[in-house]
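Listed below are the residues making up each chain.
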Amino acid sequence: MTSIPVEHAAIEHLPLTKRAGRDSMLMTRAGNIRLACFDVDGTLTDGRLFFDSEGRELKAFHVHDGQGLVLLRQVGIEVALITARHSEVARRRAEELGVRAHIGVKDKLACVRELCAELGIGLEAVCFMGDDLPDLPEGYRSEIPPLLLAALCGCGPRAVAERVIQDPCRGG
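Residues numbered from 1 in each chain as written. Predicted model: local features only at pLDDT ≥ 70, side-chain atom pairs only at ≥ 80, totals over all residues. Heavy atoms only, no water.

(A) Structural view of the overall build of the protein chain. Along its length, the protein chain carries five helices and eight strands. Reading the secondary structure of the protein chain in the N-to-C direction produces α-β-β-β-α-β-α-β-α-β-α-β-β. Out of the 172 residues belonging to the protein chain, those deemed buried represent 44%. Across the protein chain, every contact between residues at least 6 apart in sequence was considered, and the portion connecting residues at least 24 apart equals 52%. (Helix = DSSP H or I, 4+ residues; strand = E, 2+ residues; numbered from the N terminus. Buried < 20%, exposed > 50% of the residue type's maximum accessible area, 1.4 Å probe, protein only. Contact = heavy atoms within 4.5 Å.)

(B) View of the confidence of the model for the protein chain. For the protein chain, mean pLDDT is 74; residues scoring 70 or higher make up 62% of the total. The model gives residues 1-19 a pLDDT under 50, and that stretch makes 37 contacts with residues more than four places away or in other chains. Contacts of residues 151-164 to residues separated by more than four positions or lying in other chains number 51 contacts, the stretch itself having pLDDT below 50. (pLDDT = per-residue confidence, 0-100.)

(C) Region of interest: the environment of Gly 104. Turning to its location among the elements, Gly 104 is positioned in the loop between strand S5 (100-103) and helix H4 (108-119). Linking Gly 104 and Ala 84, residues 20 residues apart in sequence, is a C-alpha distance of 4.4 Å. Leave out the neighbours within four places in its chain, and Gly 104 touches Thr 83, Ala 84, Arg 85 and His 86.

(D) Main features of the pairing of strand S4 (residues 78-83). Burial runs high along S4: five of the six residues are buried. Where S4 and S5 come together, four bridges link them in parallel fashion. The partner of Ala 80 across the bridge, within S5, is Arg 100. One crossover worth recording links S4 to the parallel S5 by way of helix H3 (residues 88-97), and it is right-handed. (Pairing = 2+ DSSP bridges. Right-handed = clockwise from strand over helix to strand, strands pointing away.)

(E) Representation of H3 in the model. Inspection of H3 places Ala 90, Arg 93, Ala 94 and Leu 97 among the buried residues, and these make up the whole buried set. An end-on view of H3 places all buried positions within 100 degrees of arc, on one side of the element. In this structure, H3 carries Arg 92, Glu 95 and Glu 96 as exposed residues pointing more than 90 degrees from its buried face. Of the surrounding secondary structure, the elements contacted by the buried residues of H3 are helix H2 (63-74), S4 and S5. In the stretch just after H3, Gly 98 is the one whose phi turns positive, near 75 degrees. (Arc of directions from axis to C-beta.)

(F) Here's a closer look at the side chain of Asp 41. Here Asp 41 lies in the loop between strand S1 (35-38) and strand S2 (50-51). Residue classification places Asp 41 among the buried positions, given a relative accessible area of 13%. For Asp 41, the side chain forms a polar contact with the side chain of Lys 59, separated by 2.3 Å. Residue contacts for Asp 41: discarding those within four places in its chain leaves Gly 47, Leu 49, Lys 59, Thr 83, Arg 85 and Asp 131. (Polar contact = N/O pair within 3.5 Å; in protein donor to acceptor, adjacent residues only side chain to side chain.)

(G) Quick look at the pattern of salt bridges. Under the counting rule described, the total for this entry stands at twelve salt bridges. Taking the shortest distance from any N to any O, the salt bridge between Glu 54 and Arg 56 comes out at 3.5 Å. Glu 54 sits in the exposed class, given a relative accessible area of 62%. What makes Arg 56 partly exposed here is its relative accessible area of 48%. Measuring nitrogen to oxygen at the nearest pair gives 2.8 Å for the salt bridge that ties Glu 57 to Arg 85. With Glu 57 in strand S3 (residues 57-58) and Arg 85 in the loop between S4 and H3, the pair connects residues that are 28 residues apart, well separated along the chain. Glu 57 sits in the buried class, given a relative accessible area of 12%. Here the residues in one salt-bridge network are Asp 41, Glu 57, Lys 59 and Arg 85, joined through shared partners. (Salt bridge = Lys/Arg side-chain N within 4 Å of Asp/Glu carboxyl O.)

Right, dumping it as structure tokens:
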């Protein structure tokens, strides 16, 4: 997830006559975000998994992404890393950045709902970025309002729907 201006995220394919309306709607909705959730592998990393000779997992995170997460917190947006993997590396990265970590999560939508309940917000105040089908389950596509889901380039065509912003950048 390399940071790009939100107004340029995945609207390049739209005809110019449709971009202005989408830009305005996107900016309005982005202004209502109170919780930003991110998958880890393939979103905050390049998706490759490395293991040392003792089986310990290694990942590479980009410092720009970390800075972006810290900046979100500074403007009052809660940040949560939500990953299905049991990853101590992801937990440590979240701790380093001062963001929430939800590790080994089987149902990411249920996790997001729990966070919403804890924060006293609705799903309309959530943005979720992921890179693969498990990150964009049908429940997200039907329950989180349009334009508040994001998918990375390379996510695969089945994961990208009309309700999803596709970031032209690759993870990591």
